[in-house]
Amino acid sequence: MITKNIALARDVLVQDGIVAIPTETVYGLAGNAYSETAVKQIFGLKKRPFFNPLILHIKSMECLHSVAREIPEAAFKLASSFWPGALTLVLKKQAHISDLVTSGMDTVAVRVPNHPVAMKLLEQLDFPLAAPSANPFGSISPTTAQHVHHYFEETLSIVLDGGACEKGIESTIIGFENDEPVLYRHGAVSIEEIEMVIGKIKIFTEKADKPNAPGMLSRHYAPNTETHLVTNISESIHSFSDKKIGLLLFKEKNSDSQDCLFQEVLSTTGDFDEAARNVYAALHRLDLSDVDVILVEKLPDIGIGKSINDRLKRAVNKE
Ligand code: AMP
Ligand code: MG
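For clarity, every value in this text was computed on a predicted model and none was experimentally measured.

### Some thoughts on unusual backbone geometry
Working step 1: The linkage connecting Trp83 with the following residue, Pro84, adopts the cis geometry, with an omega of -5°.
Working step 2: The phi angle at Asp16 is positive, at roughly 70°, despite the residue not being glycine.
Working step 3: Turning to its location among the elements, Asp16 is positioned in the loop between helix H1 (6-14) and strand E2 (19-21).
Working step 4: Take Asp16: its relative accessible area is 26%, and that puts it in the partly exposed class.
Working step 5: Of note, the phi angle at Ser103 is positive, near 55°, even though the residue is not glycine.
Working step 6: Note that Ser103 resides in the loop between helix H4 (99-102) and strand E7 (107-111).

What follows is the structure, encoded as structure tokens:
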């Protein structure tokens, strides 16, 4: 059921149930982080492997000490600058945070979401919400209540509707190695914004042999339709001339491609924030259309463009 009734969602959560909630990044599949029953259900619903840890959503920075310890100075700086907001911090966990949430690691990922509905809900709870994105493991993240409903129509009782997500891509994740900040995942807060607060930051480089490393899996956020990331759309169209093509474009439609009936443009003004807001919904539409192949145009690799490209690369990866 899609509903705007926050009290109803609260009731389900206090009884160890699962609710999809809106956040400013993407919709989350939320449960009581202190309840083993709830956390197990989240993994089960998503078919998410247990080696992939969950992010905790807390109501305010004041609650940080209840889930994390030995918090580095830079973490406080980042939290004060970006919370509530789309920045997740990976910190040493308090002993009571379950291994199920953290995949057995000594660290916990945590953020304060910036969405009026999520904040109102958290305000009424005395536990943090564990909430990964509300999609089956590996699929495109949901940015509307309808996307979530489409995925979990049969298995989820409540989708709390908070409209379309304002940011549209996942949070940026920062951890600490010997108290030095490390960027684990590109996301809705750009590296440039982060470096304005704490200076140059090390970027974690993924190792394919460490799929549980915070940089995460190389294939993720993926449509079911065959998808390719390309730099020159016009050239690539010719290679697929025998197929029905759908295009995901940054700024403008492609005029060489009368045959491409399905063209999605992310931002006609070339605005990265608007592009991020639209990217998953556009991928959802393309995936649900009858095209045989989706060609995705790479964005300029700066600011949030870098984060969008990161998601697009994972969406097309065949490994
Ligand atoms: P999702 O909620 O689907 O956006 O995924 C959450 C992501 O947060 C995981 O895939 C991890 O990459 C990251 N994460 C969560 N907990 C930790 C942790 N303790 N250490 C490092 N990364 C984490
Ligand atoms: Mg996810």
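So much for the structure itself; the text now carries on.
### Remarks on the pattern of salt bridges
Working step 1: For the coordinates displayed, the defined rule picks out 14 salt bridges.
Working step 2: Here Arg311 and Glu170 are joined by a salt bridge, their closest N and O atoms 2.9 Å apart. One end of the pair, Arg311, is in helix H10 (residues 304-316); the other, Glu170, is in the loop between strand E9 (158-160) and strand E10 (172-177), and 141 residues separate them in sequence.
Working step 3: In this structure, the salt-bridge partner of Glu195 is Lys200, at a minimum N-O distance of 3.9 Å.
Working step 4: Exposure remark for Glu195: the relative accessible area of 21% places this residue in the partly exposed category.
Working step 5: In the salt-bridge network here, residues are joined through shared partners; they are Arg69, Glu70, Lys92 and Asp106.

### What about the environment of Gly163?
Working step 1: Tracing the backbone through its elements, the reader meets Gly163 in the loop between E9 and E10.
Working step 2: Residue classification places Gly163 among the partly exposed residues on the basis of a relative accessible area of 32%.
Working step 3: If we skip the residues at most four places from it in the chain, Gly163 touches Tyr27, Thr143 and Thr144.

### Overview of the sheet that holds strand E13 (residues 226-230)
Working step 1: Read from one edge to the other, the open sheet built from 4 strands follows the order E13-E16-E14-E15, with strand pairing classed as parallel. Single-partner strands in this sheet number two, and they are E13 and strand E15 (262-265). Each neighbouring strand pair of the sheet contributes to a mean axis angle of 15°, computed without reference to strand direction.
Working step 2: Note that E13 and strand E16 (residues 293-297) share 5 bridges and pair parallel. Its bridge partner being in E16, Leu229 is matched across the sheet by Val296.
Working step 3: H10 rests against E13, strand E14 (245-249) and E16 of the sheet, and its axis sits at about 140° to E13.

### Observations regarding the packing of H1 against helix H5 (residues 116-123)
Working step 1: Here H1 crosses H5 at 50°, and the two axes come no closer than 10 Å. The pairing of H1 with H5 is recorded here as oblique in orientation. The way H1 lies across H5 gives a crossing that is right-handed. Every residue of H5 that contacts H1 at Ile6, Ala9, Arg10 and Leu13 is listed here: Val117, Lys120 and Leu121.
Working step 2: Tallied by class, residues from the contact of H1 with H5 come to 5 nonpolar, no polar and 2 charged.

### Topic: the pairing of E7
Working step 1: Across the 5 residues of E7, 4 count as buried, placing the element largely inside the fold.
Working step 2: As paired elements, strand E4 (residues 55-57) and E7 share 3 bridges and run parallel to each other. Bridging across to E7, Ile55 finds its partner in Ala109.

Reading the values: rules and limits
- Residues numbered from 1 in each chain as written.
- Chains lettered and ligands numbered in written order.
- Predicted model: local features only at pLDDT ≥ 70, side-chain atom pairs only at ≥ 80, totals over all residues.
- Heavy atoms only, no water.
- Helix = DSSP H or I, 4+ residues; strand = E, 2+ residues; numbered from the N terminus.
- Buried < 20%, exposed > 50% of the residue type's maximum accessible area, 1.4 Å probe, protein only.
- Salt bridge = Lys/Arg side-chain N within 4 Å of Asp/Glu carboxyl O.
- Contact = heavy atoms within 4.5 Å.
- Pairing = 2+ DSSP bridges.
- Axes fitted to C-alpha atoms, helices over the stretch in contact; angles between N-to-C directions.
- Parallel < 35°, antiparallel > 145°, perpendicular 65-115°, else oblique.
- Left-handed = near helix turned anticlockwise from the far one by under 90°.
- Nonpolar A, V, L, I, M, F, W, Y, C, P; charged D, E, K, R; others polar.

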